[in-house]
Amino acid sequence: MAPFGKDEDGPRVTPLALASVVVFALVCLVFHLARGWVPLLDSANLAFHEAGHPLVGLVSNRLAVYGGTIFQLAFPVAAAWDFRRRGHVAGVAACGVWLGENLLNVARYMADARRQELPLVGGGDHDWTEIFSRWGLLAADTRVAGLTRVVAVAVMAASLAWLYRRWRHEN
């Protein structure tokens with residue numbers, strides 16, 4: 001049996017896989033709460049975010065501002081889809097944690113829309129200041145960010161709960 005969730009008989013959740021995803025979630029939360037940044041993971045997330053702007057900009061310059069957040073969130077969803085397709089249950093759950101952690105970063109960025117204190121890559125405009133201004137929600141930046149944080153934690157918790165239930169069902 002493979003240690004991370006798949007064997008010849010189909011998807012399995014091993015104790016090692018369950019523990020690994022739980023530790024991953026805890027590390028993400030601890031780093032996010034302490035520093036607001038999970039070093040290796042958020043460096044990759046930032047690269048996905050920044051790549052999204054010009055790629056979406058190829059379709060529409062006006063939509064380019066949305067590309068960063070779209071790509072940042074699309075990568076864990078695409079990875080989860082691939083894990084699901086291959087039957088790697090723990091991988092799907094880990095991607096759910098990754099998506100939730102990404103949403104925590106999006107919430108942090110949203111909450112900064114009026115203050116604009118976060119350092120931006122290459123300077124430039126603040127995505128969420130532009131987005132919230134377009135939507136007439138700039139004054140609600142921290143409230144929308146708070147709701148996004150709740151969704152982020154719910155996604156992470158649901159991913160862990162789903163994986164745990166799968167493990168319990170199999171044992």
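Residues numbered from 1 in each chain as written. Predicted model: local features only at pLDDT ≥ 70, side-chain atom pairs only at ≥ 80, totals over all residues. Heavy atoms only, no water.

A. Up close: the overall build of the chain. Within the chain one finds six helices and two strands. Secondary structure of the chain in N-to-C order comes out as β-β-α-α-α-α-α-α. Within the span of the chain, comprising 171 residues, buried residues form 41% of the whole. For the chain, the proportion of contacts with a sequence separation of at least 24, taken over those separated by at least 6, is 63%. Counting every atom, the chain has about 9500 Å² of accessible surface; 67% of that belongs to carbon and sulfur. One finds the centroid of the 16 positive side-chain charges in the chain at a distance of 6 Å from the centroid of its 14 negative side-chain charges. (Helix = DSSP H or I, 4+ residues; strand = E, 2+ residues; numbered from the N terminus. Buried < 20%, exposed > 50% of the residue type's maximum accessible area, 1.4 Å probe, protein only. Contact = heavy atoms within 4.5 Å. Areas by Shrake-Rupley, 256 points an atom, 1.4 Å probe, with all protein chains shown as cover. Lys, Arg positive; Asp, Glu negative; His and termini not counted. Charge placed at Lys NZ, Arg CZ, Asp CG, Glu CD.)

B. Summary view of the packing of helix α4 (residues 89–111) against helix α5 (residues 127–135). Close contact between α4 and α5 brings their axes to 8 Å; oriented N to C, the two are set at 70°. With respect to their mutual orientation, α4 and α5 come out roughly perpendicular. Taking contact as the criterion, the partners of V106, Y109 and M110 in α4 are, on α5, D127, W128 and F132. Residue classes in the contact of α4 with α5 are distributed as five nonpolar, no polar and one charged. (Axes fitted to C-alpha atoms, helices over the stretch in contact; angles between N-to-C directions. Parallel < 35°, antiparallel > 145°, perpendicular 65-115°, else oblique. Nonpolar A, V, L, I, M, F, W, Y, C, P; charged D, E, K, R; others polar.)

C. Summary view of the nonpolar core. One finds V13, V21, C28, V97, M110, W128 and L163 to be the most contacted residues of the largest nonpolar core, which totals 35 residues. Going through the elements one at a time, α1 (15–35), α3 (64–86), α4, α5 and α6 (141–170) are the ones with two or more residues in this core. If you tally residues by element for this core, the top one is α4, at 14 residues. For M110, the residues in contact, after removing those within four places along its chain, are W128, F132, D141, V144, A145 and T148. (Core = buried A, V, L, I, M, F, W, Y, C linked by side-chain atoms within 4.5 Å.)

D. Broad picture of a nonpolar patch on the surface. Side chains of W37, L46 and V121 sit close together on the surface and give an oily, nonpolar patch of about 230 Å² of accessible area. Considering the arrangement of structural elements, one finds V121 in the loop between α4 and α5. Overall, the relative accessible area of 48% leaves V121 in the partly exposed class. (Patch = residues over 30% accessible without salt bridge, like charges linked within 9 Å, V, L, I, M, F, W, Y side chains within 5 Å. Salt bridge = Lys/Arg side-chain N within 4 Å of Asp/Glu carboxyl O.)

E. Region of interest: the packing of aromatic side chains. Following the criterion strictly, the structure yields eight aromatic pairs and no others. Taking the centre distance of 5.1 Å and the plane angle of 50° together, the rings of W128 and F132 count as tilted. Residue W128 and its partner F132 are located together in helix α5, separated by four residues, close to a single helical turn. Among the aromatic residues, those joined into a ring-pair cluster are F48, F71, F75 and W98. (Phe/Tyr/Trp six-rings, centres within 6.5 Å; stacked < 30°, edge-to-face > 60°.)

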